[in-house]
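So you can see what is in the structure, the chains are spelled out below.
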Amino acid sequence: MKKTHAISMKQVTINDLFWGKQQKLILENVIPFQWGALNDAIPDIEPSHAIENFRIAAGEKQGDYYGRVFQDSDLAKWLETVGYALTLQKDEALEQLADKAIELIGRAQQPDGYLNTYFTVSKPGQRWTNLRDDHELYCAGHMIEAAVSYYEATGKSRLLDIVIRFVEHISSVLGAEPGKKRGYPGHPEIELALMKLYRVTGDKRHLELCSYFVDERGQHPHFFDLEADERGDAVKLHRGRYPYSYSQSHLPVREQLATDGHSVRAMYLYSGMADLAAELGDASLFNACRELWSNLIGARMYITGGIGSSEYGEAFTFDYDLPNDIAYAETCASIGLVFWAHRMLQCDTRNEYADVMERALYNGVMSGMSLDGKKYFYVNPLEIWPESCELREDRKRSRLKTTRQHWWGCACCPPNIARLVASLGDYIYSYNPTNREWFVHLYMGSKVVQLLDGQHVELSQTTNYPWDGNVDFSISMEGQSEFTLALRLPGWCRSAQLWVNGEAMEISESSVNGYVKLHRSWTNGDCVKLALDMPIEIIRAIPKLRAAAGKAALQRGPIVFCLEETDNGANLPDICLSSEPKLTAHYEEQTLNGVSVITGAAFRSDPTSADGQLYSTAPTKKVPVQIKAVPYFAWCNREPGEMQVWIRE
């Protein structure tokens, strides 16, 4: 098992035409909007009460706790995003605002280090009595991540000190030692957070606590049964409905072979497992991750990088069960997939992990936020018929929406998108110090500085990706440095060309695990040009994927496209691709803030040939039409209407 180190966003500057715009949106629109939402200051949206809960817990206000049991996590994710934002650019006013929020959190912390407003306000005598359902460790994990982010951005340790005290309290209650509860979180999250904390503090106890939570999971007698007995709860299942696979606690993690249960919980757990495997060099744990990964990408992932197809339990179901119109594919699940794929890359640098990370990032994640950053999807279907969602009671009761919402009671997704996009610099590059290999995983305009041979080496990347596949690199340094520059060859790319200082290179001779590796002594001014062929691809699913049988999807580079009613008229399922669709792509500056679109030939039923009968033996006449497909991530930013990804052939 190889081990690379992700290069920190503190060493990276993103100046990308696509992602630079997204990060600016987070800084200028999303962070202020979400702060207003957390303070119940945005009219006509469901109140959050998150800040108010902390004031009540701190004894500064009177009132009842309001919101979900995990409401604290929304503020934590906002603070984590602020940490990344302050890394991107200094903002004294924003930093002062965050400092005040952190001081409020400190005042809400209990004398023994405990920190959770739900239990402090509503259930002060019931701490650590229902780890299965009540999210104490989940909230703790998000607060830890916020503390690490803010400390690394500002050097201020106030929130870090708060969470270290909290972790010490957790360690005094939970663990394998006599007198402690042998518990672990019903909702994984603290595992990956503890790994982040360990890398900052170097305190082995944080690593050991993560290891305990990972390996104790699923052991028997089952802890969730024991704690249910202790509190007199006859119900042994999550919330009385879901089996232990819902929380990935049905088996010890090293024995789990399929991605089961709640998809976000799974992604956070697997991320922590991969982190731990890399840190400890634990081949057994990594192999468990690998088994789960193979099941996910081989049978349980949408073409968009969406995962978790069922609303019931927000969960995986069974292999190839990937319906389009009732796809759940929670935004947070795709975000978690990005986390996991990135960590798998650090264990074993193969392009398949970066390919999935990219697929989820450009499609399954960004579809969750409107182009102005003020509306969000919780659920990301691959097909929408608005009338069905609005008039069928079973659809009306679901989280399936035809338009994005400003905010909602379970507002986990909006701050989750913000923190990922703001921290994107962490995901582009990594370095293997043993082999002196510098990996480029994602293509986006950026500059990264790495200390090699006692000198700062700057690698600049210039590109118009994802709209075209040309990527230019230049190296700046004072002297020379010998290292390997490893560039990802995306799985979607069938052919590529490469030049170093104008000289064509043979890619096949230097390609390893999907990365072309250029080893040489580099000097100032060296240039590398990578040209990735980016034709329009007609994608077909494995026959076992019933929902896509006889259909095709359009993809160009990493972008999955879809049809919208506003471009193609109503009744999109009636459209059928021509046998020779003659698909072409072009960039439209005025469409959806500037995107590439695909046009081509198709057929649909001739409405004038219908005789008014619901069913008929008469053959249906077809008429030729031109279709227009737009990137899936940008759908529902114009007039509401139908949408679909898979098109009949």
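Cut-off values and rules
- Residues numbered from 1 in each chain as written.
- Predicted model: local features only at pLDDT ≥ 70, side-chain atom pairs only at ≥ 80, totals over all residues.
- Heavy atoms only, no water.
- Salt bridge = Lys/Arg side-chain N within 4 Å of Asp/Glu carboxyl O.
- Buried < 20%, exposed > 50% of the residue type's maximum accessible area, 1.4 Å probe, protein only.
- Pairing = 2+ DSSP bridges.
- Helix = DSSP H or I, 4+ residues; strand = E, 2+ residues; numbered from the N terminus.
- Axes fitted to C-alpha atoms, helices over the stretch in contact; angles between N-to-C directions.
- Expected span 1.5 Å × (residues − 1).
- Contact = heavy atoms within 4.5 Å.
- Phe/Tyr/Trp six-rings, centres within 6.5 Å; stacked < 30°, edge-to-face > 60°.
- Polar contact = N/O pair within 3.5 Å; in protein donor to acceptor, adjacent residues only side chain to side chain.
- Parallel < 35°, antiparallel > 145°, perpendicular 65-115°, else oblique.
- Left-handed = near helix turned anticlockwise from the far one by under 90°.
- Nonpolar A, V, L, I, M, F, W, Y, C, P; charged D, E, K, R; others polar.
- Disulfide = S-S within 2.5 Å.

> What is the right way to read the pattern of salt bridges from this model?
Any two side chains of opposite charge can pair, given that their charged atoms come close. As enumerated under the stated definition, the model contains 42 salt bridges in all. In this structure, the salt-bridge partner of Asp 394 is Arg 392, at a minimum N-O distance of 2.9 Å. By relative accessible area, which is 37% here, Asp 394 ends up partly exposed. By sharing partners, the salt bridges in this structure join Lys 3, Arg 199, Asp 275, Glu 279 and Arg 343 into a single network.

> Which parts of the structure should I look at to understand the sheet that holds strand 10 (residues 496–500)?
Sheets are built from strands that pair by backbone hydrogen bonding, the pairs being arranged parallel or antiparallel. Across the sheet, which stays open at both edges, the seven strands sit in the order 2-6-7-8-14-10-11 with antiparallel pairing between neighbours. Bordering the open sheet on either side are strand 2 (12–14) and strand 11 (503–505), each of which pairs with just one other strand. The mean inter-strand angle of the sheet, taken between neighbouring strand axes irrespective of direction, is 20°. By the bridge criterion, five bridges tie strand 8 (residues 470–476) to strand 14 (residues 527–532) in an arrangement that is antiparallel. Residue Asp 472 lies in a different strand from strand 14, and its bridge partner there is Lys 529.

> Looking at this structure, how should I read helix 4 (residues 92–108)?
An α-helix turns once per 3.6 residues; consequently, residues spaced three or four apart project the same way. The terminal C-alpha atoms of helix 4, which comprises 17 residues, lie 24 Å apart, in line with the 24 Å expected from a rise of 1.5 Å per residue. For helix 4, every residue scored as buried is listed here: Leu 94, Glu 95, Ala 98, Ala 101, Ile 102, Leu 104, Ile 105, Gly 106 and Ala 108. Buried-residue contacts for helix 4 involve helix 1 (19–38), helix 2 (50–57), helix 3 (72–88), helix 6 (136–154) and helix 7 (158–173).

> Hey, could you run me through the packing of aromatic side chains in this one?
Ring pairs (aromatic) are described by centroid distance and by the angle formed between their planes. A complete count under the given rule lists 33 aromatic pairs for this structure. Judged by centre distance (6.0 Å) and plane angle (65°), the rings of Phe 18 and Trp 467 are edge-to-face. Residue Phe 18 is located in the loop between strand 2 and helix 1, and its partner Trp 467 is located in the loop between strand 7 (455–463) and strand 8; the two are separated by 449 residues in the primary sequence. The burial state of Phe 18 is the same as that of Trp 467; both residues are buried.

> What is the right way to look at the side chain of Lys 517 in this model?
Tracing the backbone through its elements, the reader meets Lys 517 in strand 13 (residues 515–523). Of the residues examined, Lys 517 reaches a relative accessible area of 18% and is grouped as buried. In this structure the side chain of Lys 517 is engaged in a polar contact, spanning 2.8 Å, whose partner is the side chain of Glu 437. Excluding its chain neighbours within four sequence positions, the residues that come into contact with Lys 517 are Glu 437, Phe 439, Thr 484, Leu 485, Ala 486, Ser 510 and Val 512.

> Can you walk me through the sheet that holds strand 5 (residues 437–440) in this structure?
Spatially, six strands are ordered 1-4-5-9-13-12 in an open sheet, and the strand pairing comes out mixed. A single partner strand is all that each edge strand has here, and the edge strands are strand 1 (5–6) and strand 12 (511–512). Relative to strand 5, strand 4 (residues 429–432) runs antiparallel, the two being bridged by four bridges. Paired with Tyr 431 across the strands is Trp 438, a residue of strand 5. Running over the sheet, helix 14 (residues 351–365) touches strand 9 (480–488) and strand 13 and is turned about 60° from strand 9.

> What should I look at first to understand the environment of Pro 433 in this one?
Here Pro 433 lies in the loop between strand 4 and strand 5. What makes Pro 433 partly exposed here is its relative accessible area of 41%. For the pair formed by Pro 433 and Thr 4, sequence separation is 429 residues and the distance between their alpha carbons is 7.3 Å.

> Is there a simple way to explain the pairing of strand 17 (residues 559–564) in this structure?
Two faces, one strand: in a regular strand the side chains alternate between the faces of the sheet. Counted residue by residue, strand 17 has six buried out of six residues, so it is predominantly covered. Here strand 17 shows no split at all, with Ile 559, Phe 561 and Leu 563 on one side and Val 560, Cys 562 and Glu 564 on the other all buried. Summarising the sheet, strand 16 (residues 551–556) and strand 17 pair through two bridges and their orientation is antiparallel. Following the sheet pairing, Gln 555 is matched in strand 17 by Val 560. Counted along the chain from strand 16 to the antiparallel partner strand 17, the turn is two residues long, and its residue Gly 557 has a positive phi close to 60°. Across three bridges, the pairing between strand 17 and strand 21 (residues 622–631) is antiparallel. Bridging from a neighbouring strand, Leu 563 pairs with Ala 629 of strand 21. Bridging between strand 17 and strand 22 (residues 643–644) involves two bridges; their strand directions are antiparallel. Counted as the bridge partner of Glu 564 is Met 643 from strand 22.

> Teacher, can you tell me more about the environment of Gly 261 here?
Positionally, Gly 261 belongs in the loop between helix 10 (223–230) and helix 11 (263–280). Among the residues examined, Gly 261 registers a relative accessible area of 7% and is labelled buried. As a C-alpha pair, Gly 261 and Lys 196 span 65 residues in sequence and 25 Å in three-dimensional space. Once residues lying within four places of it in the same chain are set aside, the contact partners of Gly 261 are Ser 245, Tyr 246, Gln 248, Glu 314, Ala 315 and Phe 316.

> Please clarify how the packing of helix 12 (residues 283–299) against helix 13 (residues 331–347) should be interpreted in this entry.
Working note: a packed helix pair is described by the angle between its axes plus the distance between those axes. As a packed pair, helix 12 and helix 13 sit with axes 12 Å apart at the nearest point and diverge in direction by 130°. It follows that helix 12 is oblique to helix 13 by the angle criterion. Of the two elements, helix 12 crosses helix 13, and the hand of that crossing is left-handed. Within the contact between the two elements, helix 12 uses Phe 286, Cys 289, Arg 290, Leu 292, Trp 293 and Leu 296 and helix 13 uses Leu 337, Trp 340, Ala 341, Met 344 and Cys 347. The residue inventory of the contact of helix 12 with helix 13, partitioned by class, reads ten nonpolar, no polar and one charged.

> How should I be thinking about the state of the cysteines in this particular structure?
Covalent bonding between the sulfur atoms of two cysteines is what defines a disulfide. Applying the stated criterion to the full structure yields zero disulfides. With no disulfide partner, Cys 210 has as its closest neighbouring cysteine sulfur the one in Cys 289, 11 Å distant. The class of Cys 210 is buried, set by a relative accessible area of 0%. There is no disulfide at Cys 347, and the cysteine sulfur nearest it, in Cys 289, is 6.8 Å away.

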